[in-house]
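# Fold and contact review
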Amino acid sequence: MPKCISGEETSSYRGRLADVLRVWDCYEQAWREDAPVVFRFEEADVLVWRPGEAGAVRSCFCTEAEEEEALRELEAQAVFSDSCLCWRAALCKGVRLGEKVSLRLVAELVGKDGIL
């Protein structure tokens, strides 16, 4: 995983949200709830995840290559070797695409299961 964003950076970063991507299991036809979420801002992509049920939300700026690496890591953990996972656009409670939002809000949404 890329380097995590510090608390100070989380508080100060604001950008226009361009897209929200979640991991979709093609065979199960369902979102992977344990997977990271990509928030695409106009200026940067941010990978956000919560390690474990009670873990604190973590986030990092990432590249498309790092997004694909995260997907491959999930596939490697799959029970079946022929898993089919992909990034798909998703809706997000509390924010609309094109809105200017902070990373703090994004972390709160993931922490409260606000992703649809």
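Structure: above.
What you see is a predicted model; the values in this text were computed from it and never measured.

Below, the discussion takes up the side chain of D45. Tracing the backbone through its elements, the reader meets D45 in strand β4 (residues 45-49). A polar side-chain atom of D45 sits 2.9 Å from a polar atom in the side chain of R40. When neighbours within four sequence positions are excluded, D45 is seen to be in contact with V38, F39, R40, C60, F61, C62, E64 and E67.

If you look at the biggest cluster of nonpolar residues, it comprises 17 residues, and the most contacted ones within it are L17, F39 and F41. Breaking this core down by element, the ones donating at least two residues are β1 (14-25), β3 (37-41), β4 and α3 (103-111). The element that contributes the greatest number of residues to this core is α3, accounting for four residues. Apart from residues no more than four positions distant in its own chain, L17 is found in contact with F39, R40, F41, V95, R96, L97, G98, E99 and V101.

Moving on: the pairing of β4. When you tally the buried positions in β4, you get five out of five residues, the bulk of the element. Across four bridges, the pairing between β3 and β4 is antiparallel. Bridging across to β4, V37 finds its partner in V48. What sits between the antiparallel neighbours β3 and β4 is a turn of three residues. Note: β4 against strand β5 (residues 58-62), five bridges, orientation antiparallel. The partner of V48 across the bridge, within β5, is S59.

Quick notes on the rules
- Residues numbered from 1 in each chain as written.
- Predicted model: local features only at pLDDT ≥ 70, side-chain atom pairs only at ≥ 80, totals over all residues.
- Heavy atoms only, no water.
- Helix = DSSP H or I, 4+ residues; strand = E, 2+ residues; numbered from the N terminus.
- Polar contact = N/O pair within 3.5 Å; in protein donor to acceptor, adjacent residues only side chain to side chain.
- Contact = heavy atoms within 4.5 Å.
- Core = buried A, V, L, I, M, F, W, Y, C linked by side-chain atoms within 4.5 Å.
- Buried < 20%, exposed > 50% of the residue type's maximum accessible area, 1.4 Å probe, protein only.
- Pairing = 2+ DSSP bridges.

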